[in-house]
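Spelled out, the chains give:
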Amino acid sequence: MKDRKEFKQGRRTALRASLALGAAAAALPAAPAMAQRGRTLERAPLGATAEEKRVLSVLDDVYRNHRYLSVPEEDGRLLRLLADSAGAKQVVEVGTSTGYSGLWLLLALARTGGRLTTYEVDRGRHDMARHNFERAGLLGHATLVLGDAHAEVTKLKGPLDLVFLDADKEGYPDYLQKLAPLVRPGGLIVAHNMASPPPDPRYVEAVTTNPAYDTVFLNMHAAGVGVTLKKR
Ligand SMILES: C[S@@+](CC[C@H](N)C(=O)[O-])C[C@H]1O[C@@H](n2cnc3c(N)ncnc32)[C@H](O)[C@@H]1O
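Residues numbered from 1 in each chain as written. Predicted model: local features only at pLDDT ≥ 70, side-chain atom pairs only at ≥ 80, totals over all residues.

Brief notes about the packing of helix α3 (residues 50-66) against helix α6 (residues 123-135)
Inference 1: Orientation of α3 relative to α6, taken along the N-to-C sense of each, is 155 degrees, at an axis distance of 10 Å. In this view, α3 runs roughly antiparallel relative to α6, as classed from their interaxial angle. Relative to α6, the crossing made by α3 is right-handed. Contact residues: α3 offers Val58, Val62 and His66, while α6 offers Met128, Asn132 and Arg135.
Inference 2: Within the contact of α3 with α6, the residues separate by chemical class into three nonpolar, two polar and one charged. (Axes fitted to C-alpha atoms, helices over the stretch in contact; angles between N-to-C directions. Helix = DSSP H or I, 4+ residues; strand = E, 2+ residues; numbered from the N terminus. Parallel < 35°, antiparallel > 145°, perpendicular 65-115°, else oblique. Left-handed = near helix turned anticlockwise from the far one by under 90°. Contact = placed C-beta atoms within 7 Å. Nonpolar A, V, L, I, M, F, W, Y, C, P; charged D, E, K, R; others polar.)

This is the structure we're talking about:
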């Protein structure tokens, strides 16, 4: 009997505390950038220089008006962060589309003095990406290749610092087989759509069971990104 009373009292206290917290949250000033980004604490990316501001405004325009199956903004920012922190000089992207993820990578490569080679099979999207890189002032850091990446990547030479896979999903095992040998020890293989659409299990198996790699999966609440370190 006593237990039941204490339990009821405890529930009432918890309810009062949660109502108080709700009221306090409602009293906070509105934070539009945070609200836009859902449950995360991130805010909109901020340009520190005129060049960065220009690229960010092109990115915004591409995302709003010209995207085609592009990565979400949070994955684009992750790509930039990975490429910049790795000091990447040679980056390969499979699946250019209209250049949204490429622009994020180029933002890093403009700082590291590096180069992006990106592959697209569709001429319209390839041309649009070129236009987007140009108006962002970053075309000088990019090589855009039009064609089937399964054949085209065999012409590449290493060492590569970072590879980003974002084309035909069932093609990832083949891209991994062809590109991983070119990735330098300590380099990264980043794969998009590890949560949605469901990834090719052969790719997941290849990057999670080989002791030469260490793989983590990020942003899995959205499309999902696999980040694989090719160990030194
Ligand atoms: C998901 S979209 C890429 C999105 C891009 N990474 C972005 O975030 O802006 C995939 C692209 O890969 C291209 N693609 C599919 N198979 C390909 C192949 N075998 N070779 C080259 N590109 C291919 C498609 O035409 C499509 O534009």
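Quick look at the sheet that holds strand β5 (residues 183-192)
Inference 1: Here we have seven strands laid out as an open sheet, ordered β3-β2-β1-β4-β5-β7-β6, and mixed in their pairing. Because the sheet does not close on itself, it has two edges, and the strands there are β3 (142-146) and β6 (213-218). Averaged over all pairs of adjacent strands, the angle between strand axes in this sheet comes to 15 degrees, irrespective of strand direction.
Inference 2: Judged from the five bridges that link them, strand β2 (residues 115-120) and β3 form a sheet pairing that is parallel. Bridging from a neighbouring strand, Thr117 pairs with Thr143 of β3.
Inference 3: Against the sheet, helix α4 (residues 73-85) engages β1 (90-94), β4 (160-165), β5, β6 and β7 (225-230), with an angle of about 175 degrees to β5.
Inference 4: Sitting on the sheet, helix α9 (residues 201-208) is in contact with β5, β6 and β7, with an inclination near 125 degrees to β6. (Pairing = 2+ DSSP bridges.)

Scope: geometric values only; no functional claims are made or implied.
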